[in-house]
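# Descriptive analysis of the structure
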Amino acid sequence: MHSIRRSDLAVLSVTATPQHNFTSNRGGPLQPALSGLSFCQVRTNISHRGTNDKVLIEAWLPISHDDWNGRFQATGGAGFETGMFGSHLGQAVQDGWAAVSTDGGSGSDNLRRIRDGSWILKNTTDGTLDWNLLHNFASRSLVDQINIGKVITELYFGRAPHHSYWNGCSTGGRQGYMIAQKHPHLLDGILANAPALNFINLVTGEFWSQLVMKQQETFMSNCEFEYFRQRAIEQCDMLDGVRDGILEDPEACKFDPFAAVGEEIECDGKHVDITLGMATVVEHILKGPKQVTWGPIFHGISPGIRFEDLANIDIAGDGIRSQKPFGICESWMKNVVLRDPSARLDHLDITSYFGHWAQANYELGGLLNTADPDLTLLKASGAKLLTWHGIDDTIIPYQNTIDYRKRVEGVMGGAHEVDQFYRLFLAPGVEHCGGGIGPAPSSALSMLVDWVEKGEAPEVLGAETKDVRGEAVTRDLCAYPGKLKYMGLGDAKRASSWTCVGGTENPKTVLQNQASERIGNLLGRLTGRFEGLGLGLNIG
């Protein structure tokens, strides 16, 4: 690795191993395990001088030059893992990419620590955090893997990649936005989906549902929550003109959980009465922690979206119900917010919860939130940023990404200007990084490549899935702020039966329309004035 010369970095070891008939690990819903892979696996261990860390950077390279598409792909992580390794790299190398991943010195190479943030707490006695590993996780190791991955690629193939890209979702999405905000010159295109922006607010806010149930002394089962969810879908499903179990715009659904009070349902073979306490819990979870007075907050769970990931509970054999927080949130609250792995989260109340939340934002927000809306560097670099976010995301509310996009528009010249380098697509019915009953984007990376290399900016993003009968369902997802609308004719399962409404207008068109309107008004006023003078002139 003689081409890597940095005073802050030491290369500890490099190994290269040919792999044949290899099977990659499964990742997210859109990342199946792949078999029969052949590639060159290069593992580089580095350390940042003065830190005593040991960071693995792993590249997968197509065996032959003929199999390489000439491009480089840096990949992101998930949860508390800085990288996903084979879960990302398998698809990349199968498609002809030279690709790279990293563990940041804190993760694993098989996703076993995706919900384990214990590495952040360096000393359980005095509560000291491992700031070096946090810096790796937040940004430093991402830059390292790009730089070192490019060197490995060039040494192996004898030439540099002609274009370089980022590909990540969730934590990997946040990482992509960090590159877009601070280091866009390293890449030509960034695919960053369902990004964990405002990281502190997200992982702390994910405890809100648990706190609400404790405060109301009403712990609801998944079945009871599902009853409310189905009522919301039944009420609002036809707002888009199609009854398919998908809410195209959950915020347009004015769902009142209190209307269900007094209803009788059956859950797990037992009779259940819907109580005022249950409706109150649902209302507070839907609204989210609105009490927060600083910065962007955690959005509530929108009507029609599953509760069970964030509002799950334990039910003991004797029927006693208790909190069961989402794993990533639980690890974060104990190891980082409270600095005590054995902490009792059920001891938190509203006052202490918001106090700890504010303290975490004060100490860690600048490092982890990745919320800077100033994308001047991205615009100047010529790189493109493409994002899609599932509207039914149960872990990272899609409104979190909309909030960021709006803030970018506010400082970067408006929607049309921002569309030149940053585009967002929302996917109704799609959950976190895929899954759910809605059509998920099927070729987002290819669309980004065409935008970067051919100048073809995506107006829609093709998406597909199969329904319960195995029949194909397709959509052309709209560029934000456009929304899908059924045209009233044709098969609602086909993309051709839908259109986009409410998208960004070209400023030239807007000015032309405004000019025509002003001219029309002027002519009307002149006609009235001349007629008032008895001139009887025809103007037009």
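The structure under discussion appears in the preceding block.
No experiment lies behind these values; they were computed from the predicted model shown.

As for its placement among the helices and strands, Arg71 is situated in strand 4 (residues 71-75). With a relative accessible area of 18%, Arg71 lands in the buried category. Once you skip the residues sitting within four places of it in the chain, Arg71 turns out to touch Trp97, Ala98, Pro161, His162, His163, Tyr165, Val449 and Glu453.

Moving on: the pattern of salt bridges. For the coordinates displayed, the defined rule picks out 25 salt bridges. One salt bridge in this structure joins Glu453 and Arg71, with 2.7 Å as the shortest N-O distance. Residue Glu453 is found in helix 13 (residues 444-454), and its partner Arg71 is found in strand 4; the two are separated by 382 residues along the sequence. Glu453 sits in the partly exposed class, given a relative accessible area of 27%. Here Arg344 and Asp346 are joined by a salt bridge, their closest N and O atoms 2.7 Å apart. When its relative accessible area of 26% is taken as the criterion, Asp346 is described as partly exposed. Within this structure, Arg306, Glu308, Asp309 and Glu431 form a network of salt bridges that share partners.

This part is about helix 1 (residues 86-94). Taking burial as the measure, the nine residues of helix 1 include seven buried ones, the bulk of the element. Along helix 1, the residues that are buried comprise Gly86, Ser87, His88, Leu89, Gly90, Ala92 and Val93. As for helix 1, its buried residues are in contact with strand 2 (37-48), strand 3 (55-62), strand 4, strand 5 (98-102) and strand 8 (163-169). Immediately beyond the C-terminal end of helix 1, within one or two residues, lies Gly96, with a positive phi of roughly 95°.

About the thresholds
Residues numbered from 1 in each chain as written. Predicted model: local features only at pLDDT ≥ 70, side-chain atom pairs only at ≥ 80, totals over all residues. Heavy atoms only, no water. Helix = DSSP H or I, 4+ residues; strand = E, 2+ residues; numbered from the N terminus. Buried < 20%, exposed > 50% of the residue type's maximum accessible area, 1.4 Å probe, protein only. Contact = heavy atoms within 4.5 Å. Salt bridge = Lys/Arg side-chain N within 4 Å of Asp/Glu carboxyl O.

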